Amino acid sequence: METKQLSRVDLIFKPEGKEIELLKKKLNEDGDDFILELIDSGLKGRGGAGFLTGLKWKLAREAKADQKYVICNADEGEPGTFKDREILERVPRKVFTGMALCGHIVGATKGYIYLRAEYKYLAPKLKKCMADLNDEFKKIGLEFTLDIRYGSGAYVCGEETALIESMEGKRGEPRNKPPFPVTEGYLNKPTVVNNVETFVNTMIISEIGFKEYKKLGTDHSRGMKLFSISGDAVKEGIFELELGMSLADFVEEFGDGDTKAVQVGGASGFCVPRKKFKETIIGFEGIPTGGSMKIFNSSRSMYNVLHNYLDFFQEESCGQCTPCRVGCQQLLLGIEAVKRRERPSSYLDELMKLADTMKISAKCGLGQSVGNAFVSIIENFREEIVY
Amino acid sequence: MINLTINNIPLSVEEGTTVLDAARQLNLRIPTLCYHEDLCIAGNCRVCVVEQVGMRNLLASCATPVRENMQILTNSMKVRQARKNIIELLLSEHNSDCTKCYKNGNCELQTMANEYRTGNHIYTDLIPLKHNKVDVSSPSIMKDDSKCIRCQRCVRTCAELQGVNALAVAHKGHEMKISSFYDKPMHEVVCTNCGQCINRCPTGALVERNYIEEVWNAIYDPTKHVAVQTAPAVRVALGEELGFEVGERVTGKMVAALRRLGFNSVLDTDFTADLTIMEEGTELLTRLKKALVDKDQSVTLPMTTSCSPGWIKFIEHTYPNLLPNVSTCKSPQQMFGALVKTYYAQKKNINPKDIVSVSIMPCTAKKFEAQRPEMRDSGYQDVDYVLTTRELAIMIKQAGIEFLKLEDEKFDRFMGDSTGAAVIFGATGGVMEAALRTAYELVTGREVPFENLNITPVRGMEGVREASVTIANVLPEWSFLEGVELKCAIAHGLANAHKLMAAVESGDANYHFIEVMACPGGCLGGGGQPIPTSPEIRNKRAKAIYAEDEGLPMRKSHENPEVTQIYEEFLGHPLGHKSHELLHTHYRARKRY
Ligand SMILES: Cc1cc2nc3c(=O)[nH]c(=O)nc-3n(C[C@H](O)[C@H](O)[C@H](O)COP(=O)(O)O)c2cc1C
Ligand code: SF4
Ligand code: SF4
Ligand code: SF4
Ligand code: SF4
Ligand code: FES
């Protein structure tokens with residue numbers, strides 16, 4: 001499999017300035033062409049699920065409706081992720097013009113940013129930026145206005161359909177899919193929901209061109225990505241790296257020399273033990289991440305790590321569906337019981353089956369991904385759970 | 001048409017069909033819990049999952065439309081394993097004390113647990129870790145959170161069918177539960193006691209407050225005269241609980257069973273339904289005269305019916321400013337209660353304090369109504385106990401009565417006679433039809449101009465219906481009504497009533513007379529009726545009601561000889577002094593929160 005050396009990139013935070021000019025250019029070009037370029041660029045969503053962005057826009061463009069919407073998902077609730085905040089602080093114009101570009105391509109005239117409740121302090125600056133841009137869009141003849149909505153503080157509201165429910169003033173419960181938001185989203189109109197970073201990438205592609213963009217990353221994971229690095233790292237913070245590196249290279253660069261495992265992708269991601277660092281590629285062909293990379297050294301108890309994740313999930317599940325609501329509680333109580341010797345260690349096998357059931361039967365990505373951390377930690381650190 | 005296979009059997013179904021419905025076309029039942037025909041799709045219980053060949057994740061069959069070339073497996077190993085796990089998860093969160101549970105024997109969760117033989121409870125019992133509450137504050141409804149599987153059928157019922165929103169989901173994660181506003185006791189919130197949520201709750205989490213023991217005790221008490229009345233809709237549904245097909249009329253067997261249970265007199269609410277028509281019809285004509293002849297601005301029109309206590313509590317909370325529009329007539333149950341402890345007591349020479357008045361109702365709201373302080377005009381609580389159709393079925397079973405084999409019997413002669421007009425009170429549009437049959441004839445001296453007295457425009461299951469009757473060639477004393485087009489509207493299900501009243505409030509609607517029934521389908525779909533319910537079941541019950549009407553010798557309320565008799569002997573005339581005292585009431589504004 002193709003791997004890339006770890007290499008820094010500096011595209012996302014490059015100073016702003018050219019956005020309106022780029023947008024203006026795109027207004028005079030054929031939208032179908034840009035869709036093809038976007039698909040060809042291989043850009044996949046940066047919010048975690050990794051859906052081809054070009055395809056999403058294509059579906060929304062093809063949907064017939066009197067009104068469509070563009071929503072920027074800035075709910076950033078995955079534990080250990082803080083890259084969207086950084087983008088919104090430093091290059092908000094790139095995000096907003098990306099949304100406007102999307103609006104132009106798919107035929108939407110209204111864009112909303114759904115801002116995580118904890119990021120409200122950013123709102124005044126963002127609003128000013130949006131107001132300026134709304135004027136500038138008008139000047140260049142683009143009918144598109146930006147507005148802001150606030151999250152409710154629930155992790156699940158980052159899931160796109162729960163986000164939409166929440167924007168409609170309802171309880172943030174994920175919807176049944178299909179229909180997907182591209183055909184029936186906000187107010188049941190076709191809606192593109194993309195991550196903050198995804199919108200920035202679309203602007204980068206329109207600036208440097210899809211051919212240049214494609215040079216970055218691997219076949220399955222094109223481009224670069226922001227990583228939020230935390231835990232037992234020598235360097236913490238946000239780093240922009242080319243996709244497709246091996247986890248070994250990553251740990252070499254960021255670990256403290258005593259790394260025993262890395263949780264790739266936050267609570268909903270996978271825990272990779274040292275013995276698998278070499279073979280693990282960070283990207284869609286290996287382990288994808290919305291950006292969170294949490295490094296654990298040998299002083300960490302993996303029981304506590306897992307306990308924290310499960311505790312997080314049993315709180316943050318919206319609670320509507322059985323596998324997730326009850327499953328999370330059972331997994332948590334289950335490892336506690338095994339730890340306390342109230343249950344035999346073989347009960348962990350029963351729980352592995354449960355985690356599997358949750359993965360394939362929960363209603364949304366939250367419940368479906370609880371098993372990721374659970375299975376990968378039990379498989380690799382079983383003795384730490386039992387003893 | 002979409003082509004697919006289910007368990008390797010090819011079929012083609014219409015686009016938009018769900019996998020669940022497609023499987024049904026092959027007579028394949030996929031288990032469901034949150035799904036209910038009357039409600040929007042929730043897709044939250046996940047017991048209906050099926051496998052689509054080639055896909056990692058299972059699909060919720062209730063929520064997934066078919067797609068071309070889908071290959072569905074409803075009973076693969078993967079499906080069975082997941083489904084079993086899910087049922088076990090539900091049970092781990094559930095207070096499974098079936099033998100003590102009111103829903104024992106008619107519980108969807110129990111049936112499913114039985115089907116899957118989930119004997120070995122592998123997961124941790126969560127019940128001791130939760131602070132579940134049992135709410136018995138309401139005279140109509142019991143809510144036991146330890147029995148709740150969070151399917152949200154009740155929430156959807158209350159919001160979609162009733163527009164009340166008394167129940168909602170509160171909290172998230174492991175604390176998620178079904179709650180009332182601020183978790184207040186049910187009797188302190190907007191709940192109308194309609195019981196529609198009970199009819200759709202798959203478990204014992206929502207059930208009626210039952211008064212079975214109290215009624216047995218009264219029957220066993222030799223000093224008491226226990227009089228029972230039965231509402232029109234009971235007779236077309238009771239059979240469902242006792243071995244008959246849906247839509248079977250069991251009036252005669254019901255009467256026989258009530259006698260065998262030991263009720264001292266077996267009477268018919270239909271009698272006071274006829275009386276209601278006399279009172280309400282007169283009230284409507286009086287209001288029309290004041291408005292049309294006297295030009296009295298204080299008269300409020302349209303007048304709405306008042307026989308559905310769920311509707312009454314709804315309007316008290318939601319449109320208190322429209323209360324003057326509501327007829328002052330008590331419901332037939334309460335008219336009956338007031339008369340049993342006065343007129344009937346006199347005639348039978350029984351001291352009213354020794355009468356225990358019991359009513360068998362398709363309704364849970366009537367339990368609340370009977371306990372309203374306004375309902376004591378006889379000097380006592382007019383109706384002592386209200387049992388639902390379901391509770392009566394339980395008593396009949398307890399007494400070991402072989403219902404299927406009973407010979408038909410007739411109601412007692414006195415306050416037991418009624419007409420077809422009274423029977424149709426049990427269906428949406430029935431009060432309207434009965435009122436029109438009488439009012440039209442009163443005013444014109446002729447029968448309503450509909451074939452065989454069947455006023456079909458007011459029938460059916462459309463949520464809001466309109467009809468109008470032009471009154472022509474009237475008798476001299478009603479000359480003010482000559483040529484008037486009487487405009488009527490009908491709503492059933494409180495969400496529909498909500499729409500209609502919004503139109504009345506805004507002045508967009510100019511009707512004279514409105515019939516509202518709180519429950520979908522009218523009383524035949526009442527919150528006390530046999531479970532399950534569905535559009536098909538309600539249609540069959542409606543058919544039975546109209547068949548009962550056609551089969552009766554008298555079909556117009558004013559023809560009921562007992563009604564004539566009670567006016568001569570006791571009440572005087574409709575809206576007279578005595579009527580006013582016993583048969584009419586007033587309402588109170590209540591807050592929404
Ligand atoms: C529980 C849960 C939480 C999520 N939180 C976020 C989030 O905070 N930000 C985000 O962009 N996507 C989040 N997602 C993914 C979104 O549902 C959606 O896939 C994404 O916004 C699409 O944008 P993208 O294609 O640009 O990644 C979450 C998904 C789940 C299941
Ligand atoms: S998986 Fe969890 S978060 Fe998603 S719908 Fe089910 S309960 Fe809610
Ligand atoms: S709700 Fe059903 S399963 Fe639960 S205790 Fe009652 S009868 Fe048994
Ligand atoms: S009884 Fe009726 S109003 Fe009350 S909660 Fe149930 S459905 Fe809602
Ligand atoms: S009370 Fe009944 S209907 Fe409501 S969520 Fe619980 S189990 Fe479902
Ligand atoms: S019946 Fe389909 S998810 Fe509940």
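Residues numbered from 1 in each chain as written. Chains lettered and ligands numbered in written order. Predicted model: local features only at pLDDT ≥ 70, side-chain atom pairs only at ≥ 80, totals over all residues. Heavy atoms only, no water.

### Regarding the domain arrangement of chain A
All names here are of chain A. The assigned domain composition of chain A is domain 1 (19-213) and domain 2 (302-386). Between the C-alpha centres of domain 1 and domain 2 the distance comes to 33 Å. Taken together, both faces of the contact between domain 1 and domain 2 bury some 860 Å²; the carbon and sulfur share is 64%. Counting the surface domain 1 buries against domain 2, the share from its top three residues, Y155, V156 and P174, is 50%. Counting every contact that joins domain 1 to domain 2 gives zero salt bridges. Where domain 1 packs against domain 2, one counts four residue pairs in polar contact (both at pLDDT 80 or more). (Domains from an automatic or database assignment. Buried area = accessible area lost by both parts, 1.4 Å probe. Salt bridge = Lys/Arg side-chain N within 4 Å of Asp/Glu carboxyl O. Polar contact = N/O pair within 3.5 Å; in protein donor to acceptor, adjacent residues only side chain to side chain.)

### Thoughts on the interface of chain A and chain B
Listed per partner, the contact involves 33 residues of chain A and 38 residues of chain B. Three residues, A:T322, A:R325 and A:I360, lead the burial of chain A against chain B; their summed loss comes to 20% of the area buried on that side. The closest approach of N and O atoms between B:E93 and A:R325, which form a salt bridge, is 2.9 Å. Across the chain A-chain B interface, the total number found is 21 residue pairs in polar contact (both at pLDDT 80 or more). Looking at the side of chain A that touches chain B, the elements with two or more residues in it are α11 (302-316), α12 (322-339) and α13 (347-361) of chain A. Residues belonging to the side of chain A that touches chain B are distributed by class as follows: eleven nonpolar, twelve polar and ten charged. (Contact = heavy atoms within 4.5 Å. Helix = DSSP H or I, 4+ residues; strand = E, 2+ residues; numbered from the N terminus. Nonpolar A, V, L, I, M, F, W, Y, C, P; charged D, E, K, R; others polar.)

### Considering the domain arrangement of chain B
Residue and element names in this part refer to chain B. Split by domain assignment, chain B resolves into domain 1 (2-75), domain 2 (91-208) and domain 3 (210-593). Using only C-alpha atoms to locate each centre, domain 1 and domain 2 end up separated by 26 Å. Each partner contributes residues to the interface: domain 1 has 14 residues there, and domain 2 has 16 residues. Taken over both partners, the interface formed by domain 1 and domain 2 buries close to 1200 Å², and the fraction arising from carbon and sulfur atoms is 55%.

### Structural notes on the nonpolar core
All names here are of chain A. Among the nonpolar cores identified, the biggest contains 58 residues, and W57, I87, L88, V95, F96, V106 and F137 are the most heavily contacted of them. When residues in this core are grouped by element, the largest group, eight residues, is from helix α5 (residues 92-106). Once you skip the residues sitting within four places of it in the chain, I87 turns out to touch I12, F13, P92, V95, V196, E197, V200 and L226. (Core = buried A, V, L, I, M, F, W, Y, C linked by side-chain atoms within 4.5 Å. Buried < 20%, exposed > 50% of the residue type's maximum accessible area, 1.4 Å probe, protein only.)

### Thoughts on the site of ligand 2
Ligand 2 sits among 13 residues. The nearest are A:C318, A:C321, A:C324, A:C364 and A:G367. Within the shell around ligand 2, the residues separate by chemical class into eight nonpolar, four polar and one charged. (Near = heavy atom within 4 Å.)

### Notes on the packing of aromatic side chains
Scanning the model with the defined rule gives 21 aromatic pairs over all chains in all. Judged by centre distance (5.6 Å) and plane angle (15 degrees), the ring pair of B:Y344 and B:F414 falls under stacked. One end of the pair, B:Y344, is in helix α11 (residues 332-348); the other, B:F414, is in the loop between α13 (389-398) and α14 (420-423), with 70 residues separating them in the sequence. An identical accessibility class is assigned to B:Y344 and B:F414; each is buried. In this structure an aromatic cluster arises from ring pairing among A:F227, A:F239, A:F250 and A:F254. Positioned above the aromatic ring of A:F13 is the side chain of A:R90, whose terminal nitrogen or guanidinium carbon lies 3.9 Å from the ring centre. Taking the ring centre of A:Y347 as reference, the NZ or CZ of A:R343 above it sits at 3.9 Å. (Phe/Tyr/Trp six-rings, centres within 6.5 Å; stacked < 30°, edge-to-face > 60°. Lys NZ or Arg CZ within 6 Å of the ring centre and 35° of its normal.)

### What to know about the sheet that holds strand β17 (residues 485-492) of chain B
Residue and element names in this part refer to chain B. The mixed open sheet is built from four strands, whose spatial order is β13-β18-β17-β16. Both outer strands of the open sheet, β13 (303-304) and β16 (464-470), are each paired with one neighbouring strand and no more. Of the strand pairs in this sheet, β16 and β17 are connected by seven bridges, and their pairing is antiparallel. Along β17, the bridge assignment pairs A467 with C488. This element, helix α16 (residues 494-506), spans β13, β16, β17 and β18 (513-517) of the sheet and lies at about 140 degrees to β17. (Pairing = 2+ DSSP bridges. Axes fitted to C-alpha atoms, helices over the stretch in contact; angles between N-to-C directions.)

### Side note on the packing of helix α2 (residues 77-92) of chain B against helix α3 (residues 108-116) of chain B
All names here are of chain B. At a closest axis distance of 11 Å, the pairing of α2 and α3 adopts a crossing angle of 135 degrees. Taken together, the axes of α2 and α3 lie oblique to each other. The hand of the α2/α3 crossing is left-handed. Contacts from R80, R83, K84, I87, L90 and L91 in α2 reach L109, M112, A113 and Y116 in α3. Counted by class, the contact of α2 with α3 contains seven nonpolar, no polar and three charged residues. (Parallel < 35°, antiparallel > 145°, perpendicular 65-115°, else oblique. Left-handed = near helix turned anticlockwise from the far one by under 90°.)

### What about the site of ligand 4?
If you check the shell around ligand 4, you find B:I141, B:C158, B:V164, B:A166, B:L167, B:M186, B:C191, B:T192, B:N193, B:C194, B:G195 and B:C197 and nothing else. Residue composition of the shell around ligand 4, grouped by class: nine nonpolar, three polar and no charged.

### Details of the sheet that holds strand β4 (residues 59-60) of chain B
Residues and elements named next belong to chain B. Pairing in this open sheet of five strands is mixed, and the strands run β2-β1-β5-β3-β4 from one edge to the other. Unpaired on one side and paired on the other, β2 (9-13) and β4 mark the two borders of the sheet. Of the strand pairs in this sheet, strand β1 (residues 2-6) and β2 are connected by five bridges, and their pairing is antiparallel. Looking at the pairing, N3 lines up with S12 of β2. Here α2 sits on the sheet in contact with β3 (49-52) and β5 (70-73), set at roughly 155 degrees to β3.

### Notes on the pattern of salt bridges
For the structure on display, the rule yields 75 salt bridges over all chains. Across the pair A:K353 and A:E350 runs a salt bridge whose closest N-O atoms are separated by 3.8 Å. In this pair, A:K353 and A:E350 are both assigned in helix α13, three residues apart and thus about one turn of the helix distant. Since its relative accessible area comes to 43%, A:K353 is described here as partly exposed. A salt bridge links B:D38 to B:R200, with the nearest nitrogen and oxygen atoms 2.8 Å apart. Of this pair, B:D38 sits in the loop between α1 (19-25) and β3 while B:R200 sits in helix α5 (residues 196-200); the two residues are 162 residues apart in sequence, bridging distant segments of the chain. We note that B:D38, like B:R200, is buried.

### Let's talk about helix α9 (residues 269-292) of chain B
Over its 24 residues, α9(B) extends 34 Å from the first C-alpha to the last, a length consistent with the 34 Å expected when each residue adds 1.5 Å. Judged by how many residues are buried, α9(B) sits mostly within the fold: 18 of 24 residues are covered. (Expected span 1.5 Å × (residues − 1).)

### Re the environment of B:Q529
All names here are of chain B. Along the chain, Q529 falls in the loop between β18 and α17 (535-551). Residue classification places Q529 among the buried positions, given a relative accessible area of 0%. Those residues in contact with Q529 that sit more than four places away from it in its chain are N199, A233, V234, A237, P362, T389, R390, C523, L524 and R541.

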